[in-house]
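Read off the chains here:
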Amino acid sequence: MSTLRRTVWILMAALMLLGPVGPAVSAEAAISVCEKALIYCMSAPGHNLPWDIVECISGYAFCREYILPLLDGK
């Protein structure tokens, strides 16, 4: 039962974090580099374990914080 509960919590957290990315997926031009990397990371084969999801989300946060300002300042 605890495995099911843990899985549900992870899925809820992923949906809450990926919710804002959802509308951007439909509009290809509006997707930034960070969202493209997040989508690729989440859809890569074998990235369905909890620590892989955390790795994808932390990579997205890093990209938004440090990479995107560098790209916007061209």
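Heads up: the structure comes first, above all this text.
What you are looking at is a predicted structure, and each value in this text was computed from that prediction instead of being measured. (Residues numbered from 1 in each chain as written. Predicted model: local features only at pLDDT ≥ 70, side-chain atom pairs only at ≥ 80, totals over all residues. Heavy atoms only, no water.)

Trainee: Run through the side chain of D52, naming residues and quoting values.
Mentor: Within the element layout of this structure, D52 appears in helix α4 (residues 50-72). In this structure, D52 is buried with no salt-bridge partner, the nearest side chain bearing the opposite charge being R6 at 14 Å. Apart from residues no more than four positions distant in its own chain, D52 is found in contact with G46 and H47. (Helix = DSSP H or I, 4+ residues; strand = E, 2+ residues; numbered from the N terminus. Buried < 20%, exposed > 50% of the residue type's maximum accessible area, 1.4 Å probe, protein only. Lys, Arg positive; Asp, Glu negative; His and termini not counted. Salt bridge = Lys/Arg side-chain N within 4 Å of Asp/Glu carboxyl O. Contact = heavy atoms within 4.5 Å.)

Trainee: I'd like a rundown of a nonpolar patch on the surface, residues and numbers included.
Mentor: Taken together, the side chains of V33, F62, Y66, I67 and L71 make up a nonpolar region of the molecular surface, amounting to roughly 460 Å² of accessible area. Looking at which element gives the most residues to the nonpolar patch, the answer is α4, with four residues. Looking at the secondary structure, you find I67 in helix α4. The exposure class of I67 is partly exposed, given its relative accessible area of 32%. (Patch = residues over 30% accessible without salt bridge, like charges linked within 9 Å, V, L, I, M, F, W, Y side chains within 5 Å. Areas by Shrake-Rupley, 256 points an atom, 1.4 Å probe, with all protein chains shown as cover.)

Trainee: Explain the packing of helix α3 (residues 33-43) against α4 to me, and be specific about the residues and the numbers.
Mentor: Two numbers describe how α3 lies on α4: the axes approach to 8 Å, and their chain directions differ by 165°. On the basis of the axis angle, α3 is roughly antiparallel to α4. Helix-helix and strand crossings are classified by hand; for α3 and α4 the assignment is right-handed. Across the interface between the two elements, V33, C34, E35, L38, C41 and M42 from α3 touch I53, C56, I57, Y60, C63, R64, L68 and L71 from α4. (Axes fitted to C-alpha atoms, helices over the stretch in contact; angles between N-to-C directions. Parallel < 35°, antiparallel > 145°, perpendicular 65-115°, else oblique. Left-handed = near helix turned anticlockwise from the far one by under 90°.)

Trainee: Describe the side chain of S32, naming the residues involved and giving the relevant values.
Mentor: Checked against the element boundaries, S32 lands in the loop between α2 (21-26) and α3. Excluding its chain neighbours within four sequence positions, the residues that come into contact with S32 are R64 and L68.

Trainee: Any chance you could break down the state of the cysteines for me, citing the residues and the numbers?
Mentor: Within the structure shown, the criterion is met by two disulfides. For C34, the disulfide goes to C63, at an S-S distance of 2.0 Å. Taking the sign of the S-S torsion, about -80° here, the bridge from C34 to C63 comes out left-handed. Of the two residues, C34 sits in helix α3 while C63 sits in helix α4, which places them 29 residues apart along the sequence. Here the two residues C34 and C63 agree in accessibility, since each one is buried. Paired by a disulfide, C41 and C56 hold their sulfur atoms 1.9 Å apart. For the disulfide bridge between C41 and C56, the dihedral angle about the S-S bond is near -75°, and by the sign convention the bridge is left-handed. Of this pair, C41 sits in helix α3 while C56 sits in helix α4; the two residues are 15 residues apart in sequence, bridging distant segments of the chain. (Disulfide = S-S within 2.5 Å.)

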